[in-house]
Amino acid sequence: MPGLEDFLRKPVRGMRDLAPDDFYPLKRMEELLSALAESFGYRRIETPAVEHFEVLSRKAGREIVNEIYYFRDKAGREVGLRFDMTVPVARVLSYKLEEPKPVRWYYFTKVWRYDEPQHGRYREFYQFGVELVGSESPRADAEVIALMSKALEAAGARSYEIRLNDRVGMDKILETMGIAAREEVLRILDKKGKVPEEELKALLKKAGLEDEKAEKLLELVSEPLPMGESAEFFSKYDERLGGKYAEIIKALEPYDVLDKMKLDLAIVRGLDYYTGTVFEAFVGEYKLAVGGGGRYDNLIELFSGIKTPALGFAIGVERLMEALNIGGSRPPLDYYIYPMTDEAYKVAVKLASMLREKGASVAVDLGELSLKEALEHAAKTAVKFFVIIGKKEIEKGVVKIRDMYRRTETEVELSRILRY
Ligand code: AMP
């Protein structure tokens, strides 16, 4: 039997299998990040993978709409897989109107995007993120940004940066400069760092900017400023906005993360739903953003009809793990019990139950492997202690325990093994 063709043995393009050695490092991230969100008073949410296509597309922006996994179900409904968790959260809050505000929710779950697969880009990936809904306060901005910092730190990032910008600020800047093609210009600025400066300039000119304006704009976005200077910078364009940033800075200070933050006018972000602060996180030398977020004060109103300010962030978990070189392997079993006889099998199963009750992970050999084969299996799949129970051992009321790491063997009385 030839079995499956080679290409069918691999997951569908852009998808990844997580065998135990890949799954456990991810699970560890889930535990770390969830614990952090919980410690900030956030509670976890989960929603269906499948959403009404209309809900997904309503405020996704042109680029994302093209990336939606779209299909009709058997009843002909137009549906799609969620591409982030912000949209489903906004939908949930559009009918759970009684949920006390501000809402603090977090998630660690899969999302899907029909993106071009490449390094750091998958079609199915995990996002960890939070949504803080129902507050306009600059303190809410500070809390979410600080929480993103703490998440990167919890994951093990030492050198990282959060680059921040403001959609309103950008509008004011372009307005002041007399630049009309706002959307197109923002899309071009989003390419900064990904294409050469000369090409950016050419694109800006094509968008209708005169030489001088294109140069001035590129100069403005060229160097990120320390976050501490953001208030002064924005107040040159809009006093209220400057005031807002003074408040954000004041609220960020006690979190001790201000030094990790920069004002970077090249941060534009693709998703159409952002209305104010936008930010992206970068780790070490890793080129792609590991996370992003911002304020979306109109999205929930679009679903519920009720004006509800909100903001949040999402971290791409696989990307963060790649950037931090987090790999690993499956955790070892505590015990692999090898019974040599039918009588020993009974003892093995009983012993396994008792050990499991103590919280140990225990596998009992199924009787098809020789002792040598079972030892090899245990070594390959990671086992701490290999327990042998034979006729002789039963007569003596003992088991033989082999420490798989130290390669030592001891006899332990059955009555004492639970204390072993
Ligand atoms: P976004 O809101 O689009 O910036 O997505 C938030 C985060 O999700 C990004 O910063 C990435 O870390 C991650 N992400 C986005 N698209 C992908 C993808 N195709 N594959 C893996 N991670 C992704």
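The shown structure was predicted, so the numbers you read here are calculated from the model rather than taken from an experiment.

Peer 1: Would you mind showing me how to read the layout of surface pockets here?
Peer 2: By rolling a water-sized probe across the atoms, one finds the places where empty space is left. One number sums up the size of the second largest pocket: a volume of about 330 Å³. Contributing to the lining of the second largest pocket are Glu136, Pro138, Val168, Lys172, Asp238, Arg240, Leu241, Lys244, Thr275, Gly276, Arg295 and Asp297. Within the residue set of the lining of the second largest pocket, elements represented by two or more residues are helix 7 (167-176) and helix 12 (239-252). Counting residues per element, the lining of the second largest pocket draws most heavily on helix 12, which supplies three residues. Its residues assigned to classes, the lining of the second largest pocket comprises three nonpolar, two polar and seven charged.

Peer 1: Would you mind showing me how to read the site of the ligand here?
Peer 2: Around the ligand there are 16 residues in total, and Arg113, Tyr122, Arg269, Val290 and Gly291 lie nearest to it. One of the backbone N or O atoms of Ala289 is found 3.3 Å from an oxygen atom in the ligand. Protein contacts shield 92% of the accessible area of the ligand, which totals 470 Å² for the unbound molecule. Of all the secondary-structure elements, those providing two or more residues to the shell around the ligand are strand 6 (124-133), strand 11 (291-295) and strand 12 (310-316).

Peer 1: What is the right way to look at unusual backbone geometry in this model?
Peer 2: Trans peptide bonds make up the majority, and among non-glycine residues the majority have a negative phi. Of the consecutive residues Lys101 and Pro102, the connecting peptide bond is found in the cis state with omega at -5°. Within the secondary structure layout, Pro102 lies in the loop between helix 5 (86-95) and strand 5 (103-112). The phi dihedral of Asn325 is positive, around 55°, even though this residue is not glycine. Here Asn325 lies in the loop between helix 14 (317-323) and strand 13 (333-339).

Peer 1: Quick question: what am I supposed to make of the sheet that holds strand 2 (residues 50-52) here?
Peer 2: Strand pairs in the sheet, formed through backbone hydrogen bonds, run parallel or antiparallel to each other. An order of 2-4-3 is seen for the three strands of this open sheet, with the pairing classed as antiparallel. A single partner strand is all that each edge strand has here, and the edge strands are strand 2 and strand 3 (70-72). Between one strand axis and the next, the sheet turns by 40° as a mean value, whatever way the strands run. As paired strands, strand 2 and strand 4 (residues 78-81) are joined by three bridges and run antiparallel to one another. Residue pairing in the sheet places Glu51 in a bridge with Gly80 of strand 4.

Peer 1: Whenever I open this one, a nonpolar patch on the surface confuses me. Can you help?
Peer 2: A cluster of nonpolar side chains, Leu4, Phe7 and Leu8, forms an exposed patch at the surface whose accessible area comes to about 320 Å². Mapped onto the elements, Leu4 comes out in the segment before helix 1 (6-9).

Cut-off values and rules
- Residues numbered from 1 in each chain as written.
- Predicted model: local features only at pLDDT ≥ 70, side-chain atom pairs only at ≥ 80, totals over all residues.
- Heavy atoms only, no water.
- 1 Å grid on protein atoms, 1.4 Å probe; cavity = no way out; pocket = protein on both sides within 12 Å on 5 of 7 lines; lining within 4 Å.
- Points joined across faces, edges and corners; volume = space filled by probe spheres on them.
- Helix = DSSP H or I, 4+ residues; strand = E, 2+ residues; numbered from the N terminus.
- Nonpolar A, V, L, I, M, F, W, Y, C, P; charged D, E, K, R; others polar.
- Near = heavy atom within 4 Å.
- Polar contact = N/O pair within 3.5 Å; in protein donor to acceptor, adjacent residues only side chain to side chain.
- Areas by Shrake-Rupley, 256 points an atom, 1.4 Å probe, with all protein chains shown as cover.
- Pairing = 2+ DSSP bridges.
- Axes fitted to C-alpha atoms, helices over the stretch in contact; angles between N-to-C directions.
- Patch = residues over 30% accessible without salt bridge, like charges linked within 9 Å, V, L, I, M, F, W, Y side chains within 5 Å.
- Salt bridge = Lys/Arg side-chain N within 4 Å of Asp/Glu carboxyl O.

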